[in-house]
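Given next are the chains, with one letter for each unit.
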Amino acid sequence: MGDVAMTVPVLRALVLQHPDVKITMVSRPFFQPFFEGIPNVNFFGVDLKERHKGFLGLFLLFSDLRKLDIDLVADLHNVLRSKVVRTLFALSGIKVAATDKGRAEKKALTSLTNKVFAPVKPMIESHVDAFKQLGFSIDLANPKFPEKAILSDEIISFTGTKNQNWIGIAPFAQYENKVYPQDLMQQVIDDLAKNKNVKIFLFGGGPTEIQKLNQLQNNHENVMVVAGKLSFEAEIQLISNLDIMLSMDSGNSHISSMLGVKVITLWGATHPFAGFKPFNQPDDFCLTSDRKQYPFLPTSVYGNKKVAGYENAMRTILPFQVIEKINSNLT
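Residues numbered from 1 in each chain as written. Predicted model: local features only at pLDDT ≥ 70, side-chain atom pairs only at ≥ 80, totals over all residues. Heavy atoms only, no water.

Peer 1: Mind laying out helix 8 (residues 182-193), listing which residues take part and the relevant values?
Peer 2: The terminal C-alpha atoms of helix 8 lie 16 Å apart, and with 12 residues this matches the ideal 16 Å at 1.5 Å per residue to within 8%. Turning to helix 8, its buried residues are L184, M185, Q186, V188, I189, L192 and A193. (Helix = DSSP H or I, 4+ residues; strand = E, 2+ residues; numbered from the N terminus. Expected span 1.5 Å × (residues − 1). Buried < 20%, exposed > 50% of the residue type's maximum accessible area, 1.4 Å probe, protein only.)

What follows is the structure, encoded as structure tokens:
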């Protein structure tokens, strides 16, 4: 999800700076709401369960896309599936380019021996490079963000009218090594909830996460569990109206940043040097675990690798630091 969200600021800048360009974004149908409202961007939903499933399905996908008279192909994912499709286009005479994911640099950054602790080129800049190969320069220095979504009556019936600062908190991630300990997150939420001039929205998904969110809500009147209450599209509209989002290194951070929302991120086994810092956010919005106590950090690009003795690395990010960072950036 985060990978797809990171393409949004690039595509928005591309069509604004090159208004004659028309884009067909090819991705899973679930992600279509990310691209709504961007001029000259059409969405093509890939049917990975039936028509475009498997190796034969990739040939059908290529065939379906050929019918759209595509002139250039930018592979912003650069994985096996997309490599096959872009290769078919290249063989048919279409110019193609792909995002360089900096895999060697990321491997060196996360290595436990001979670590090279240096920033890898941000993914968004690598996307820009891919389009440059196709002849399109993109300037992200002064990004344009969409207007805050006008909330429907259905959403307002859940959120209430906005007359406070709205804080979003997305306390989960795909891997445990990227999740701030629940007892510390509880301290953060309890302290923030003391301020009646804020309303806090908790984001997540699935029965297990909803159960944990209900615990984190802790009967605070100004804390609301969003998970399971709104559609994904409605959640995006709500996020666009937040004053600030607190997130792990996860998809919610990239959704928020693509909408121009301030994002405070907490980093455990991973690190913003790996290229996944949310777009257009200050470096000090990234609160990282203490490398003096845990010198092997980051131990993973995606958080899927566990290192013995590093289970409590995120406990070095103290709740008061998170609270201060949020409060000092509320308008």
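Peer 1: Could you give an account of the nonpolar core, naming the residues involved and the relevant values?
Peer 2: Counting 57 residues, the largest nonpolar core has F34, F35, F131, F201, F203 and I255 as its most contacted members. Every residue in contact with F35, bar those within four places of it in the chain, is listed here: V4, T7, V8, L11, M25, V41 and F43. Listed in part, the 32 residues of the second largest apolar core include M185, I189, I317 and L330. (Core = buried A, V, L, I, M, F, W, Y, C linked by side-chain atoms within 4.5 Å. Contact = heavy atoms within 4.5 Å.)

Peer 1: How would you summarise the pattern of salt bridges if you had to cite specific residues and measurements?
Peer 2: Going through the model one piece at a time under the given rule, you end up with 10 salt bridges. The shortest N-O distance in the salt bridge between R51 and D64 comes to 2.8 Å. One end of the pair, R51, is in the loop between strand 2 (41-45) and helix 3 (54-66); the other, D64, is in helix 3, and 13 residues separate them in sequence. Taking the relative accessible area as the measure of exposure, R51 reaches 41% and is therefore partly exposed. D64 gets classed as buried once you look at its relative accessible area, which sits at 12%. The closest approach of N and O atoms between K277 and D283, which form a salt bridge, is 2.9 Å. K277 sits in the partly exposed class, given a relative accessible area of 25%. Classification of D283 by relative accessible area gives exposed; the value is 59%. (Salt bridge = Lys/Arg side-chain N within 4 Å of Asp/Glu carboxyl O.)

Peer 1: Tell me what's going on with the packing of helix 8 against helix 9 (residues 207-217), and back it up with residues and numbers.
Peer 2: Contact pair helix 8 / helix 9: the axes reach a minimum separation of 9 Å and the direction vectors enclose 45°. One finds that helix 8 runs oblique with respect to helix 9. The handedness of the crossing between helix 8 and helix 9 comes out as right-handed. Here Q182, M185, Q186 and I189 of helix 8 lie close against helix 9, whose contacting residues are K212, Q215 and L216. Class assignment of the residues belonging to the contact of helix 8 with helix 9 gives a composition of three nonpolar, three polar and one charged. (Axes fitted to C-alpha atoms, helices over the stretch in contact; angles between N-to-C directions. Parallel < 35°, antiparallel > 145°, perpendicular 65-115°, else oblique. Left-handed = near helix turned anticlockwise from the far one by under 90°. Nonpolar A, V, L, I, M, F, W, Y, C, P; charged D, E, K, R; others polar.)

Peer 1: Please give an account of a nonpolar patch on the surface that cites residues and values.
Peer 2: Taken together, the side chains of F55, L56 and F59 define a hydrophobic patch exposed on the protein surface, amounting to about 350 Å² of accessible area. The exposed category is assigned to L56, whose relative accessible area is 63%. (Patch = residues over 30% accessible without salt bridge, like charges linked within 9 Å, V, L, I, M, F, W, Y side chains within 5 Å. Areas by Shrake-Rupley, 256 points an atom, 1.4 Å probe, with all protein chains shown as cover.)

Peer 1: Give a detailed account of the sheet that holds strand 8 (residues 244-248), specifying residues and quantitative values.
Peer 2: Reading across from one edge, 7-6-5-8-9-10 is the order of the six strands in this open sheet, with parallel pairing throughout. Edge strands, defined here as strands with exactly one partner in the open sheet, are strand 7 (223-225) and strand 10 (286-288). Taking each pair of neighbouring strands and ignoring which way they run, the sheet shows an average axis angle of 15°. (Pairing = 2+ DSSP bridges.)

Peer 1: Go over helix 4 (residues 80-91) with me, naming the residues and quoting the values.
Peer 2: Because each turn of an α-helix spans 3.6 residues, side chains separated by three or four positions in sequence point in the same direction. Look at helix 4: 16 Å from first C-alpha to last across 12 residues, which is about the 16 Å you get at 1.5 Å a residue. Among all positions in helix 4, only S82, V84, V85, R86, L88 and F89 are buried. Turning to helix 4, the residues buried within the fold contact helix 3, strand 3 (72-75) and strand 4 (95-98). Of the residues flanking the end of helix 4, it is G93, one or two places downstream, whose phi is positive at about 95°.

Peer 1: How would you sum up unusual backbone geometry? Please name residues and give values.
Peer 2: Glycine aside, residues mostly have negative phi angles, and peptide bonds mostly take the trans form. P298 follows L297 through a cis peptide bond whose omega is -5°. Note on placement: P298 falls in the loop between strand 10 and helix 12 (319-327). Even without being glycine, N218 reaches a positive phi, approximately 50°. If you trace the backbone, N218 turns up in the loop between helix 9 and strand 7. With relative accessibility at 36%, the residue N218 sits in the partly exposed group.

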